[in-house]
Amino acid sequence: IVLGVIILIRYNRNRKAMIREQEKKLHEINEQQYRKSQLYIEENKKKNLMRQIIRFAFVGGSAFVIDYGVMIFLTELIGINYLISSGISFSVSVIYNYILSVHWVFDVAEDRSKIAEFVIFIILSVIGLGINQLVMWIAVDIFRMFYMIAKIGATAIVMVYNFITRKLFLEK
């Protein structure tokens, strides 16, 4: 009986040691898989961000062509003041930008109200318009810069603002 108890105790110790060793190996495997999955997630985030930046640059670039072209058309051919034509051209490009941004650039929540989404976009765009107009006014009226050159600088500033705010407020 004593011999049986000793054998049983040793068997249990060996079994517990084997179980602990298996649990340790399993934990190491799970930790490695977790690290790999985290790396995969981080790599995908970086790729998605780069894809988003490239798409945003395309949308922003084409919106700039619309904005700039309409502004020059209204100012040079129609004779409208540069601040008014800049505001009109900005508004036209915002509508174009909204459509492409929510359908192609940003991962917008499908269940969100489109009206609420558009209102957020408009509010952000109005702030962007204010930045645009302020930069245009400072560059043209204070620094005596040619309005076509000032528009390029204003657009660059507003483009950075737009990307950051739309990513923060429109994406799910």
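Okay, so let's go over this structure. (Residues numbered from 1 in each chain as written. Predicted model: local features only at pLDDT ≥ 70, side-chain atom pairs only at ≥ 80, totals over all residues. Heavy atoms only, no water.)

## Description of the layout of surface pockets
Moving on, step 1. Here the largest pocket defines a volume of roughly 180 Å³.
Moving on, step 2. Taken together, Lys45, Asn48, Leu49, Arg51, Gln52, Arg55, Trp104, Val105, Phe106, Asp107, Lys167 and Glu171 make up the lining of the largest pocket.
Moving on, step 3. The leading source of residues in the lining of the largest pocket is helix α1 (residues 2–78), at six residues. (1 Å grid on protein atoms, 1.4 Å probe; cavity = no way out; pocket = protein on both sides within 12 Å on 5 of 7 lines; lining within 4 Å. Points joined across faces, edges and corners; volume = space filled by probe spheres on them. Helix = DSSP H or I, 4+ residues; strand = E, 2+ residues; numbered from the N terminus.)

## Some words on the packing of aromatic side chains
Moving on, step 1. Scanning the entire structure with this criterion turns up eight aromatic pairs.
Moving on, step 2. Judged by centre distance (5.1 Å) and plane angle (65°), the ring pair of phenylalanine 56 and phenylalanine 163 falls under edge-to-face. Residue phenylalanine 56 is located in helix α1, and its partner phenylalanine 163 is located in helix α4 (residues 147–170); the two are separated by 107 residues in the primary sequence. Each member of the pair phenylalanine 56 and phenylalanine 163 is classed as buried.
Moving on, step 3. An aromatic cluster is present here, built from Phe56, Phe106 and Phe163 joined pairwise through their rings. (Phe/Tyr/Trp six-rings, centres within 6.5 Å; stacked < 30°, edge-to-face > 60°. Buried < 20%, exposed > 50% of the residue type's maximum accessible area, 1.4 Å probe, protein only.)

## What to know about empty space enclosed by the protein
Moving on, step 1. Within this structure, the stated rule accounts for one cavity of 30 Å³ or more.
Moving on, step 2. Its boundaries defined by the atoms lining it, the largest cavity holds a volume of some 170 Å³.
Moving on, step 3. Forming the boundary of the largest cavity are 15 residues, of which Ala63, Ser93, Asn97, Thr155 and Asn162 lie nearest the centre.
Moving on, step 4. Among the secondary structure elements, those contributing two or more residues to the lining of the largest cavity are α1, α2 (82–105) and α4.

## Describing the packing of α2 against α4
Moving on, step 1. Running from amino to carboxyl end, α2 crosses α4 at an angle of 35°, the nearest separation of the two axes being 13 Å. As for the relative orientation of α2 and α4, their crossing is right-handed in sense. Residues Tyr82, Ser86, Ser89, Phe90, Asn97 and Ser101 of α2 touch α4, and the partners they reach there are Tyr147, Lys151, Val158 and Arg166.
Moving on, step 2. For the contact of α2 with α4, a count of residues per class yields four nonpolar, four polar and two charged. (Axes fitted to C-alpha atoms, helices over the stretch in contact; angles between N-to-C directions. Left-handed = near helix turned anticlockwise from the far one by under 90°. Contact = heavy atoms within 4.5 Å. Nonpolar A, V, L, I, M, F, W, Y, C, P; charged D, E, K, R; others polar.)

## Let's talk about a nonpolar patch on the surface
Moving on, step 1. Together, Leu134, Trp137, Ile138, Ile142, Phe143, Met145, Phe146, Ile149 and Ile152 give the surface a local cluster of nonpolar side chains, amounting to about 880 Å² of exposed area.
Moving on, step 2. Broken down by secondary-structure element, the contributors of at least two residues to the nonpolar patch are α3 (114–142) and α4.
Moving on, step 3. No other element matches the four residues that α3 contributes to the nonpolar patch.
Moving on, step 4. The residue isoleucine 152 is located in helix α4 in this model. (Patch = residues over 30% accessible without salt bridge, like charges linked within 9 Å, V, L, I, M, F, W, Y side chains within 5 Å. Areas by Shrake-Rupley, 256 points an atom, 1.4 Å probe, with all protein chains shown as cover. Salt bridge = Lys/Arg side-chain N within 4 Å of Asp/Glu carboxyl O.)

## Examining unusual backbone geometry
Moving on, step 1. Even without glycine at this site, arginine 144 takes up a positive phi of about 55°.
Moving on, step 2. Tracing the backbone shows arginine 144 in the loop between α3 and α4.
Moving on, step 3. Its relative accessible area of 65% is what places arginine 144 among the exposed residues.

What is shown is where atoms sit, not what they do.
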